[in-house]
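# Working through the structure, step by step
What follows is each chain in one-letter form.
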Amino acid sequence: MAAAEADSCLQSFELYEAESKFYILGTNTDKTLWRLLTIDRMEPSELNVDEDSTVHSQSDYLDLLKVLDEDHRSTGGVKFVTNCFGIIGFIKFLGPYYMLIITEQRKIGDIFGHPVYQVTKTAMIELSSSKTKPQLINSKDENRYKKLMQTIDLRKDFFFSHSYHIMRSFQKNFSDPKEGWELYDTMFVWNEFLTRGIRNILKTTLWTVALVYGFFKQDKLAICGKDIMLTLIARRSRHYAGTRYLKRGVNDEGRVANDVETEQIVYEDMLGPRQISSVVQNRGSIPLFWSQETSKLNLKPDIILHEKDKNYEATRLHFENLRKRYGNPIIILNLIKTREKRPREIILRREFDRAIKIINSGLPGEDHLRFLHWDLHKNSQSKSTNALQVLLKVAFEALNLTEFFYYQVSPAQRTEDYLNLSTTLKNGFGPHVCDENNNCGNADYVDDLDDISQDNTCGSSDPGNGIAEDSSEVNGSAQIKPLKFQKGVLRTNCIDCLDRTNVAQYAYGLAALGHQLHALGSLESPEVHLDSPLSRHLMYFYERMGDTLALQYGGSAAHNKIFSAKRGHLKFAIQSQEFFRTLQRYYSNAYMDAYKQAAINLFLGYFEPQVGKPALWEPESGDEHVLDDDTSKLMKRARSDGSILNKSKTSMSSKGPNGLLNPAFTGSKKEGQHPNQSSDSMQGMSSTSDNSMSKLRYTPTPSHVKHISCELDYCNGSGESNFLDLDWLSASDNERSKAISTPDVNIPTDNAVGDVSSGTTDDQTIDIQAQGLSKDFVQWVNQGEAFWY
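What counts and what doesn't
- Residues numbered from 1 in each chain as written.
- Predicted model: local features only at pLDDT ≥ 70, side-chain atom pairs only at ≥ 80, totals over all residues.
- Heavy atoms only, no water.
- Helix = DSSP H or I, 4+ residues; strand = E, 2+ residues; numbered from the N terminus.
- Buried < 20%, exposed > 50% of the residue type's maximum accessible area, 1.4 Å probe, protein only.
- Areas by Shrake-Rupley, 256 points an atom, 1.4 Å probe, with all protein chains shown as cover.
- Pairing = 2+ DSSP bridges.
- Axes fitted to C-alpha atoms, helices over the stretch in contact; angles between N-to-C directions.
- pLDDT = per-residue confidence, 0-100.
- Contact = heavy atoms within 4.5 Å.
- Core = buried A, V, L, I, M, F, W, Y, C linked by side-chain atoms within 4.5 Å.
- Salt bridge = Lys/Arg side-chain N within 4 Å of Asp/Glu carboxyl O.

From N to C terminus, the protein chain includes 22 helices and 22 strands. Of all 789 residues assigned to the protein chain, the portion counted as buried reaches 61%. Total accessible area computed for the protein chain in this model is approximately 30100 Å², and 48% of it derives from carbon and sulfur atoms.

Structure follows, in structure tokens:
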């Protein structure tokens, strides 16, 4: 096979150590082709790597090992260190370089035969040798930086693919194929900085893996006799990444905090001609200059609006970036409060509305930002409003404007070559030449949920909306359906872009899923019942995603009152759960976030240690979030089997991814030691009931909705929407909204603490005291304002 083909996919690696060099041998899946990478150890404070251009066969590989061992015989030969699955990158603090590698991986799904893996174990290897190590100062600061780096848990929520560009949406991969270097420059590759050195030297990405941070879940559904693969991906942006109170709003470059791109992929899991659909949405912090001070005394710190950008240039840059990535229209769904006893969120609500209007005043009509300000908290408390039903109406209208990606593969295309990714995507989504042949089954990544049965999901009460319009026959054979692209994106936000935002994103995902399955011919109508098994299944996906993203940004699982109420959970159980999540989030924000933020800044390269310069934890360092010793002591670093701080003195054996946007956010990773690890230089970084909701469905048609076209004042100056008619949105639609609303569903969504009756129960008090919190503190919490946004 040609060298280019070998270069396209190395998936398995062997690391060897000599006194003066490290050697990495990389191979394809069936181990028929091998490449050699050499890393110099004599100048460990500099990164010196060299790639052998020769492609070796299996027999050459064995001879190569003998030659390398002979070359180093005078210093003990070459010793096997560990197997690995790619280089995460290289990092330098004040002394030598360290190499980060993946030593264990777990398959969590695949995209048309391209496996997707989760990092399950890593190692951090010091490049210095026994000869060069004495020349380096083993300072306290060096060790402190290493410990800080090790708090990034690479085993949690980091995933990658050797053969599919998981950092990009399916539509992007299909319509704008890119390879190598360009992929690492995307906003969703979290180890871009760590791989920059080796990429600059080698001018290739053959030896590295691109890590995406966020959420990945996949499940196979049985719908109308077809196996449908449902995949939900959330990608966090590495730009302006960080923790909740330490990263808010927008920066000068138009990057926002908690920027996450969510993609929902649906395709037929079959051997013959296939169909695939993808839809993308986005969440991100309100793109204004605003902040909240981290407080150990105040559960709900004041919101501070800064007046540094009166012309909203950074806000404008943010939306220009969205338009560049996703096209028009940009639809903004703003869920924050419009009424408060003490103005907090409403301050941002008014300023955001003003910014949108001013930006729109300078844009042609076709580029205007579409927006809807809708107070989810107020409307979810209203007994006359069903929040999910209204959000579903909004979602359908957004989909009418943006549409979604759809592609059908013809039988002829599937017989073509699959050697490179762009060809693979455009010619049948077949397995890559280097993909693994092992069958992981669903056990690795499918939760124990009931299958979506044919009886529950097939058919429609509206046969007029059947699939006949999407397909036809020519000479007795089915005609290929036309290609569709998504144009534009729905951008949803609340204050944190966690809890309320996740509910709205679920509604959009449900509306999109109906359209996607309809396009695939699996449903006769794009409408999906809110209480159908399919809806419940998707809700579980989004609830899991919401919990994961909330833990990453806010320090606790998401507040899921609406989801829990829809399942029929008792109100007290919901309140109790929300109370403890509030406390968990408070503790994380007040005591842990500064340490987490410092680790993120180090991992992403936003702070680079230098000899003679102030350290990261010193106020003079220029880092906006400085650590102190007390904060460091509070940080509990989870340890897996074999911490990176533990060293084995045993000698080594000689051989053994135009889509919608869903923006992103911060990272965190871990420690652990590989079983084969034994060198002093090797250190592992542990990669440690539904009757309460409506049975009705609603698919608005253009005749049902009045789209508004107004000037700057936007229809009498209310500023609530230039996207939808609010009277239509709030209308019951033949009184259906009133019929489907129930008290259980419409519990307050903003009062995670206040909802806990007048005081705590005995059981709650015991649990709270077990966490070391006093009764006085609990009473103060209960008397305070709602904490959940």
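Another point: the sheet that holds strand E3 (residues 34–40). Spatial ordering of the open sheet is given by E4-E3-E2-E1-E5, a layout of five strands whose pairing is antiparallel. On the outer flanks of this sheet lie strand E4 (49–51) and strand E5 (79–84), each paired with one strand and no other. Taking the axes of each pair of neighbouring strands and ignoring which way they run, one obtains an average angle of 20° across the sheet. Direction of pairing for strand E2 (residues 21–27) relative to E3: antiparallel, over a ladder of seven bridges. Pairing of Leu25 across the sheet is with Leu36, part of E3.

Further remarks concern the confidence of the model for the protein chain. On average, the protein chain scores 74 in pLDDT, and the residues at 70 or more come to 64%. Counting contacts from residues 1–7, a segment whose pLDDT is below 50, to residues more than four positions away or on other chains yields 10 contacts. For residues 631–682, every residue scores under 50 in pLDDT, and the model assigns this stretch 249 contacts once sequence neighbours within four places are set aside.

For the rest of this paragraph, the subject is the nonpolar core. Counting residues in each nonpolar core, the largest one holds 77 residues, and the members touching the most others are Trp374 and Leu391. Among residues more than four places away in sequence, those in contact with Leu391 are Leu333, Leu335, Trp374, Leu376, Val503, Ala504 and Ala507. Judged by nonpolar contacts, the second largest core, of 34 residues, contains Leu148, Phe158, Ala241 and Phe607.

Right, let's get into the environment of Arg199. Looking at the secondary structure, you find Arg199 in helix H6 (residues 192–202). Excluding anything up to four places from it in sequence, Arg199 contacts Trp181, Tyr184, Asp185, Glu192, Thr204 and Thr205.

Our focus in this paragraph is the pattern of salt bridges. Following the criterion strictly, the structure yields 24 salt bridges and no others. In this structure, the salt-bridge partner of Asp69 is Arg73, at a minimum N-O distance of 3.7 Å. Taking the relative accessible area as the measure of exposure, Asp69 reaches 25% and is therefore partly exposed. Overall, the relative accessible area of 52% leaves Arg73 in the exposed class. A salt bridge links Glu192 to Arg196; the nearest nitrogen and oxygen atoms lie 2.7 Å apart. Within this pair, Glu192 and its partner Arg196 are both found in helix H6, separated by four residues, close to a single helical turn. The class for Glu192 is buried, based on a relative accessible area of 6%. Overlapping salt bridges bring together Arg168, Asp176, Lys178 and Glu182 as one network.

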